[in-house]
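Each chain is listed here by its residues.
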Amino acid sequence: MLKVLVMVSGGGTNLQAIIDSVENGTVTNTKIVGVISNNQNAYALKRADKHGIAAECVSPKNFENRAAFNEKLLERVNSYEPDLIVLAGFLVVIPPEMIAAYRNRMINIHPSLIPAFCGTGYYGLKVHEAALARGVKVVGATVHFVDEGTDTGPILLQKAVEVENGDTPEILQRRVMEQAEWKILPQAIDLIANGRVEVKDGKTVIQ
Ligand code: GAR
């Protein structure tokens, strides 16, 4: 059983997609061992509660400085002894110690086709605003392993989504979630849980 820790900041629709996929058997060999949010009011925490999953908040607001927060965050993460960390809309910079400790064992979902519309400043709705401002016709989502850069780690899965006339950032965000994110994030976990992913020379190989 792959022990998965999910980290969230907001609504948690991607967390919900993972929970549903584990419960309905689309994702196999997987147990969600916990959920950590940096935001006490994240609806994602309620979603975890409803499914009997251990959930807690570790907020930078409750610490004197970033180093103290980072230390506590890693301590709490380690306490779940996860095989895989899933960043599902977790909008906090991951401490370097955590990246090193979980190399090739931490994945992130990003709401664009990396390398488009990614990196510092591109998160949430901002990604979709930028895509519409540029006038691209195809957008999408990416699941990648987390390395020291922002959205630079080995790409695991991507799925394209078409832009339609009259799209607003909100409408486009929803379509990217429905058609791409909620599918490829559970799929990525299933591939890892079943030993089908290898990282070689900074790239992934899927069997
Ligand atoms: C998702 O669209 C996810 O791709 C994005 O935040 C949203 C979280 O929604 N993540 C990023 O932008 C990371 N750079 P959710 O809380 O409903 O899953």
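Anything mentioned here points back to the structure above.
Residues numbered from 1 in each chain as written. Predicted model: local features only at pLDDT ≥ 70, side-chain atom pairs only at ≥ 80, totals over all residues. Heavy atoms only, no water.

A.B. asks: Help me out: how do you make sense of helix 3 (residues 66-79) in this one?
C.D. replies: Because an α-helix packs 3.6 residues into every turn, residues spaced three or four apart end up facing the same way. Taking 1.5 Å of rise per residue, 14 residues should cover 20 Å, and helix 3 covers 20 Å from first to last C-alpha, within 8% of that figure. Of the residues making up helix 3, those classed as buried are Phe69, Asn70, Leu73, Leu74 and Val77. Buried residues along helix 3 cover an arc of 130 degrees about the axis, so they all sit on one side. Summarising the geometry of helix 3, the exposed residues directed more than 90 degrees from the buried face are Ala67 and Glu71. (Helix = DSSP H or I, 4+ residues; strand = E, 2+ residues; numbered from the N terminus. Expected span 1.5 Å × (residues − 1). Buried < 20%, exposed > 50% of the residue type's maximum accessible area, 1.4 Å probe, protein only. Arc of directions from axis to C-beta.)

A.B. asks: How should I be thinking about the sheet that holds strand 3 (residues 55-57) in this particular structure?
C.D. replies: In a beta sheet, neighbouring strands pair by backbone hydrogen bonds and run either parallel or antiparallel. Taken together, seven strands build an open sheet; the order of strands is 3-2-1-4-5-6-7 and the sheet is mixed. The strands lining the two open edges of the sheet, one partner per strand, are strand 3 and strand 7 (155-162). Going from strand to strand, the sheet's axes swing by 20 degrees on average, the running direction of each strand aside. Sheet topology note: the strand 1 (residues 2-8)/strand 2 (residues 30-37) ladder contains seven bridges and is parallel. Within the sheet, the bridge partner assigned to Val4 lies in strand 2 and is Ile32. On the sheet, helix 1 (residues 13-23) packs against strand 1, strand 2, strand 4 (84-87) and strand 5 (106-110) and is oriented at approximately 160 degrees with respect to strand 2. (Pairing = 2+ DSSP bridges. Axes fitted to C-alpha atoms, helices over the stretch in contact; angles between N-to-C directions. Contact = heavy atoms within 4.5 Å.)

A.B. asks: Could you clarify how one ought to interpret the packing of helix 1 against helix 2 (residues 43-50) in this entry?
C.D. replies: Pairs of packed helices are described in terms of their axes, by the angle between the two and the distance that separates them. Their axes nearest at 9 Å, the elements helix 1 and helix 2 cross at an angle of 15 degrees. One finds that helix 1 runs roughly parallel with respect to helix 2. The way helix 1 lies across helix 2 gives a crossing that is right-handed. From helix 1, Thr13, Leu15, Gln16 and Ile19 reach across to helix 2, where they touch Ala44, Arg47 and Ala48. Its residues assigned to classes, the contact of helix 1 with helix 2 comprises four nonpolar, two polar and one charged. (Parallel < 35°, antiparallel > 145°, perpendicular 65-115°, else oblique. Left-handed = near helix turned anticlockwise from the far one by under 90°. Nonpolar A, V, L, I, M, F, W, Y, C, P; charged D, E, K, R; others polar.)

A.B. asks: Please explain the side chain of Thr204 as it appears in this structure.
C.D. replies: Turning to its location among the elements, Thr204 is positioned in strand 9 (residues 203-206). Here Ile155 takes part through its backbone oxygen, which lies 2.7 Å from a polar atom of the side chain of Thr204. When near neighbours in sequence (up to four residues on either side) are disregarded, Thr204 contacts Phe145, Pro154, Ile155, Leu156, Val197, Glu198 and Val199. (Polar contact = N/O pair within 3.5 Å; in protein donor to acceptor, adjacent residues only side chain to side chain.)

A.B. asks: Looking at this structure, how should I read the site of the ligand?
C.D. replies: For the ligand, the set of nearby residues contains 15 residues, the closest of which are Gly12, Thr13, Asn14, Gly124 and Glu181. In the model, an oxygen atom of the ligand is placed 2.7 Å from a nitrogen or oxygen of the Gly12 main chain. Contact with the protein chains covers 92% of the free accessible surface of the ligand, which is 450 Å². (Near = heavy atom within 4 Å. Areas by Shrake-Rupley, 256 points an atom, 1.4 Å probe, with all protein chains shown as cover.)

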